[in-house]
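Architecture at a glance
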Amino acid sequence: MNKPKARPVLSQAKDLEPGLVVATYGRHCLVETPEGRRLICHPRGKKNQVVVGDQVLWQIAGDEGSIEKLQDRRNLFYRQDEIRTKSFASNLDRVLILIAADPEYSESQLSRALVAAEAERIKPIIALNKSDLSQPFAQAWERLAPYRAMGYSVMPISLSPRSPVTDDGVTALCSHLQGLTTLVLGPSGSGKSTLINRLVPDALVETGEISLALNSGKHTTTSTRWYWVPALDGSAEDGAARTALIDSPGFQEFGLHHIEPTRLADCMPDLRKHLGGCKFYNCTHLHEPGCAVLAQVETAEHPGSISVRRHRIYAQLFEELGQQRW
Ligand SMILES: Nc1nc2c(ncn2[C@@H]2O[C@H](COP(=O)(O)OP(=O)(O)O)[C@@H](O)[C@H]2O)c(=O)[nH]1
Ligand SMILES: [Mg+2]
Ligand SMILES: [Zn+2]
């Protein structure tokens, strides 16, 4: 009689160890073990393509590791960077959109990032940096009025150590990050590296000045990275939840292609509020008579609750998403 065969799957399972993906470099990634050890891992096959924030099971292979299993994700934040490679982060609690008084931010990019977060039901926070630059700051702050009105937290901050202001707003911002995992997004020059260096003293993230001094674009951050923020960890009483920031390069060409155009208004809180009131059930909120959204768009005669700029951004995105093949 044949002996029952050993079950290779089970015996292999014994060697699998849990880990957290803390950085990605092309197809390779850096995995951190629960003890805090970090090692390079390679995904096994195409299916296990991982992103920062992923929980995985890995196995030692020489002095590196091989990813054997990707645990289910709570959410997955999609975007495309300026060199058009896809990059993502997963299992997020917050998306912090860091913009600045200078360079001037693009409202369309801001709206795209907000839509991407809403689509994954991740709470976004907006921080407007460089409050020490009073004049441009006042203008930028004013431009954000619709975003405050639609319910987003918009925090004024100044991260520059050189130009101290009475309240730099950083403590208030930190109270929104404590015990959570936050993806930091923002255009180049908004202060992302400055923020991370301030909160993570060991991070040594290059700020604009350093890469300028090195006079090379090569030295700017090119991968998505996870940073623990021990200074913001909760106390033992509140569950000792750890705080983490994820730094991700680039803000351009926000990939929203996974969102169907008919879902778009639902990802924009100022429009969402009026959904259901339109005459036609399949209203696109672009030109239909009896549209409850269009009725709220502000005009010279009538102060609506939806700004003209936001409706224009909606129309642009709607058209763009409609051109995708489903
Ligand atoms: N005036 C002023 N400059 C700032 C502030 N925060 C950052 N900067 C400067 O803005 C530039 C870009 O910052 P950096 O952190 O490299 O931006 P990143 O491209 O988003 O990583 C650097 O020269 C910083 O020193 C601020 O609050 N006020
Ligand atoms: Mg930077
Ligand atoms: Zn409508």
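The shown structure was predicted, so the numbers you read here are calculated from the model rather than taken from an experiment.

What follows covers the overall build of the chain. A tally of helices and strands in the chain yields nine helices and 13 strands. Looking at the chain as a whole, 48% of its 326 residues are labelled buried. Within the chain, contacts between residues at least 6 apart in sequence are counted, and of these 61% link residues at least 24 apart. Accessible area for the chain stands at about 17,400 Å²; split by element, carbon and sulfur atoms hold 52% of it.

Note on the zinc ion (ligand 3): its protein donors are Cys-278 (SG), Cys-283 (SG), His-285 (ND1) and Cys-291 (SG). The metal-donor distances range over 2.1 to 2.4 Å. For the zinc ion (ligand 3), the four donor atoms in the first shell make angles of 101 to 114 degrees at the metal, a pattern classed as tetrahedral. One chain supplies every donor to the zinc ion (ligand 3), and in sequence these donors are spaced C-x4-C-x1-H-x5-C. For the pair shown, His-285 and Cys-291 are each scored as buried.

Look at the link from Asp-102 to Pro-103: it is a cis peptide, with omega at 0 degrees. For Pro-103, the position within the fold is in the loop between strand E8 (94-100) and helix H2 (107-119). Unusually for a residue other than glycine, Asn-91 sits at a positive phi of about 55 degrees. Structurally, Asn-91 can be placed in the loop between strand E7 (86-90) and E8. In this structure Asn-91 comes out as buried when scored by relative accessible area, which is 12%. Even without being a glycine, Lys-130 presents a positive backbone phi close to 75 degrees. As for its placement among the helices and strands, Lys-130 is situated in the loop between strand E9 (123-129) and helix H3 (134-143).

Here the focus is the pairing of strand E13 (residues 244-247). Where a strand is regular, its side chains alternate between the two sheet faces. Alternating residues of E13 divide into Ala-244 and Ile-246 and Leu-245 and Asp-247, and every residue in both groups is buried. As judged from the four bridges shared by strand E12 (residues 225-228) and E13, these two strands associate in the antiparallel manner. By the bridge assignment, Trp-228 is partnered in E13 with Ala-244.

Another point: the pattern of salt bridges. Enumeration according to the criterion identifies eleven salt bridges in this entry. The partner of Arg-272 in a salt bridge is Glu-118, with the nearest N and O atoms 2.6 Å apart. Placement of Arg-272 in helix H8 (residues 269-272) and of Glu-118 in helix H2 is noted, with a sequence separation of 154 residues between them. Assessed through its relative accessible area of 15%, Glu-118 is described here as buried. Connected through shared salt-bridge partners, Glu-118, Asp-266 and Arg-272 make up one network.

Here is what the cut-offs are and how they apply
- Residues numbered from 1 in each chain as written.
- Chains lettered and ligands numbered in written order.
- Predicted model: local features only at pLDDT ≥ 70, side-chain atom pairs only at ≥ 80, totals over all residues.
- Heavy atoms only, no water.
- Helix = DSSP H or I, 4+ residues; strand = E, 2+ residues; numbered from the N terminus.
- Buried < 20%, exposed > 50% of the residue type's maximum accessible area, 1.4 Å probe, protein only.
- Contact = heavy atoms within 4.5 Å.
- Areas by Shrake-Rupley, 256 points an atom, 1.4 Å probe, with all protein chains shown as cover.
- Donors = N, O, S within 2.8 Å, 3.2 Å for Na, K, Ca; no water.
- Tetrahedral: all angles 85-135°; square planar, octahedral: opposite > 155°, others 65-115°.
- Pairing = 2+ DSSP bridges.
- Salt bridge = Lys/Arg side-chain N within 4 Å of Asp/Glu carboxyl O.

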